[in-house]
Amino acid sequence: MLDQVYQTGEAYTGNEMLVQVDTEGNGTLTDFYINFVYQAYKNNKGEIQGVFFFINDITEQVISKKKIEKSETQYRRIVETAQEGIWLLDENSKTTFVNRKMCEILEYSEAEMLGKTNFSFMVESSKEQALTALGRRREGIAENLEYKFITKNGKHVVAKVSANPIFDDAGKFKGSLGMVSDITEKKHLEELLAKSNRLARIGSWEIDVVKGTVFWSDITKE
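Residues numbered from 1 in each chain as written. Predicted model: local features only at pLDDT ≥ 70, side-chain atom pairs only at ≥ 80, totals over all residues. Heavy atoms only, no water.

1. Here's the deal with the nonpolar core
Put simply, the rule is: Put simply, a nonpolar core is a bunch of buried Ala, Val, Leu, Ile, Met, Phe, Trp, Tyr and Cys residues held in one set by side-chain atoms that sit within 4.5 Å of each other. Residue burial is assigned from relative accessible area. The probe radius is 1.4 Å, only protein chains are included, and a residue is buried under 20% of its type maximum, exposed over 50%, and partly exposed in between. We count a stretch as a helix when DSSP gives it H or I for four or more residues in a row; a strand needs E for two or more, and each element gets its number in order from the N terminus. Throughout, a contact is declared for two residues whenever any of their heavy atoms are within 4.5 Å.
One finds Trp-87, Met-102, Leu-106, Met-113, Tyr-147, Phe-149 and Val-180 to be the most contacted residues of the largest nonpolar core, which totals 21 residues. Elements supplying a minimum of two residues to this core: strand 4 (85–90), helix 3 (100–106), helix 5 (124–138), strand 6 (143–150) and strand 7 (156–167). In this structure, Met-102 is in contact with Gly-85, Ile-86, Trp-87, Met-113 and Val-180, ignoring residues within four places of it in sequence. One finds Val-5, Ile-34, Phe-36 and Ala-40 within the second-largest nonpolar core, a separate group that totals five residues.

So, in structure tokens, the structure goes:
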């Protein structure tokens, strides 16, 4: 590189280059990351007489960046293998991120969901419910809710959503994070069981040992 600069007079720039230096003079090499410039200098006649070497040690910045990138990669891996849908919305309820599971639940690709509001995928009754819930999110309230969605293929899905507000360092509302579980099958089984109990006239009762309350089904009361 030095020869090229010396012969042509064209400067050479290097960014985040890894170099190893024996700083202690004991044969042990230490890694450094540098930005540098080789620049030819000339005499009064315009003849190249040598090469300037400008160097900036950026080891600390590069190592910090690599740690962040590694952390983000690990986080992304966890998010993408999660068994729950992860849905990130901005302050206007527009989608900024969805993981693979969320796409599977609604049968849309990530590209098809990004930039669209969560209302775009809901049945009308759930849209009203979500709009009301948005006001609570702006107040900093986290809660668990059930919504009905329509998939890309027109299938109705019942989902449990754990919604949490997001604020910046200044306390300004920036959106919300939803952890989404498909409970369609569970709701269907509950409805079948309730119907079966009504037809068989099987009563039931429940005790809440914490609150000390007892629930009796209508058939049991009869």
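2. What to know about the sheet that holds strand 5 (residues 95–98)
Counted only if it meets this: Any two strands are treated as partners once DSSP identifies two or more bridges connecting them. Convention adopted: a line fitted to C-alpha atoms gives each axis, helices being fitted over their contacting stretch, and angles between N-to-C directions are expressed from 0 to 180 degrees.
Read across the open sheet, the five strands follow the order 5-4-8-7-6; overall the sheet is antiparallel. One side of each edge strand has no neighbouring strand; the edge strands of this open sheet are strand 5 and strand 6. Ignoring which end each strand starts from, the neighbouring axes of this sheet average 30 degrees apart. Here strand 4 runs beside strand 8 (residues 173–182); their pairing, made up of six bridges, is antiparallel. Bridge pairing links Asp-90 to Gly-175 in strand 8.

3. A closer look at the pattern of salt bridges
Where charged atoms of side chains with opposite charge meet at close range, the side chains can pair. Short version of the rule: Every case where a carboxyl oxygen of Asp or Glu lies within 4 Å of a side-chain nitrogen of Lys or Arg is listed as a salt bridge.
A full pass over the atoms with the stated rule returns eight salt bridges. The salt bridge involving Arg-137 is made with Glu-143; its shortest N-O contact spans 3.1 Å. Overall, the relative accessible area of 18% leaves Glu-143 in the buried class. Where Glu-146 meets Lys-187, a salt bridge forms, and the shortest distance between an N and an O atom there is 3.4 Å. Separated by 41 residues along the polypeptide, Glu-146 in strand 6 and Lys-187 in helix 6 (residues 184–200) bring together distant segments of the chain. The exposure class assigned to Lys-187 is partly exposed, which follows from its relative accessible area of 24%. It is possible to trace a salt-bridge network through shared partners that takes in Arg-136, Arg-137 and Glu-143.

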